[in-house]
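Tertiary structure, described
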Amino acid sequence: MSFRIETEKLDDYTLLVRPIGAISGDSDLSGLIPKGSARVILDLANISRIDSLGVREWIRAMQSSGDSQTIVWERVSPAMSSQVGMITNFVGRGSVASFILPWWCQACGNEHTTDVEAQALKRSGLESPECPKCGATMMLDELDEGYIDALLEHAP
Ligand SMILES: [Zn+2]
């Protein structure tokens, strides 16, 4: 899948940046943290995969942010979340506001995702959703709770 970056100006200070696709060493991340935007919101829901060279490019892009820029990560995809606990400097100066958790139903095999606010999770802990198909309590798919702790270390 090819990689691209969409941007949307939310107000005079805030730019929404939405990288989409798989990130590799060839991905152009120069538009990820545009200079001149005081606040950059990274919507990371659509990053399907990132390989080791992509991680290197990603860290470089994070380090390119200016000291006065605020970087917020939202809707971090499971592919990105799995790197947060493993790679030092992966989040850089960013803060993780929300992330997507993948769930799996042991009873019927259904898969489901939930969009979780980091601060709400800190307050009330992790609640397993009920399966939309059969009502059974769902289990975290792939990501274990260690990943969630790593994400929460970067919560605002
Ligand atoms: Zn089910």
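Let us look at the structure shown here.

Rules of the game
Residues numbered from 1 in each chain as written. Predicted model: local features only at pLDDT ≥ 70, side-chain atom pairs only at ≥ 80, totals over all residues. Helix = DSSP H or I, 4+ residues; strand = E, 2+ residues; numbered from the N terminus. Rg over C-alpha atoms; globule rule 2.2 N^0.38 Å. Buried ≥ 20, exposed ≤ 12 C-beta atoms within 10 Å, placed from the backbone. Contact = placed C-beta atoms within 7 Å. Core = buried A, V, L, I, M, F, W, Y, C linked by C-beta atoms within 7 Å. Pairing = 2+ DSSP bridges. Arc of directions from axis to C-beta.

Once that is clear, we can look at the overall build of the protein chain. Broken down by element type, the protein chain carries 4 helices and 9 strands. Relative to the compact-globule value of 15 Å for 156 residues, the protein chain shows a C-alpha radius of gyration of 16 Å, a close match. In terms of overall dimensions, the protein chain has C-alpha extents of about 50 × 35 × 30 Å along its principal axes. For the protein chain, the residues scored as buried account for 27% of the 156 residues in total. For the protein chain, restricting intrachain contacts to residue pairs at least 6 apart in sequence, the fraction spanning at least 24 positions comes to 65%.

Residues Leu42, Leu44, Trp73, Val76, Val96 and Leu151 are the most contacted members of the largest nonpolar core, which totals 30 residues. Of all the elements in the fold, those that place two or more residues in this core are strand E3 (39–43), strand E4 (47–50), helix H1 (52–63), strand E5 (70–74), helix H2 (78–84), strand E7 (98–104) and helix H4 (145–152). It is H4 that contributes the most residues to this core, 4 residues altogether. In contact with Leu44, not counting residues within four places along its chain, are Pro19, Trp73, Glu74, Arg75, Val76, Ser77 and Met80.

For the rest of this paragraph, the subject is the pairing of strand E1 (residues 4–9). Of all 6 residues that make up E1, 0 are buried, and the element is exposed over most of its length. Where E1 lies against strand E2 (residues 14–23), 6 bridges are found, and the strand directions are antiparallel. In the strand pairing of E2, Thr7 is matched with Val17. Between E1 and the antiparallel strand that follows it, E2, lie 4 residues.

A word on the pairing of E7. Examined bridge by bridge, E7 and strand E8 (residues 111–117) share 7 bridges and lie antiparallel to one another. Residue pairing for E8: Trp104 is matched across the bridge by Glu111. Counted between consecutive antiparallel strands, the loop separating E7 from E8 contains 6 residues, among which Gly109 sits at a positive phi close to 80 degrees. Where E7 and strand E9 (residues 139–140) come together, 2 bridges link them in antiparallel fashion. Along E9, the bridge assignment pairs Trp104 with Met139.

Looking now at H4. Restricting attention to buried positions, one finds in H4 the residues Tyr147, Ile148, Ala150 and Leu151. Projected onto a plane normal to the axis of H4, the buried residues spread over an arc of 160 degrees and lie on a single side. In H4, the exposed positions that point more than 90 degrees away from the buried face belong to Glu145, Gly146 and Asp149.

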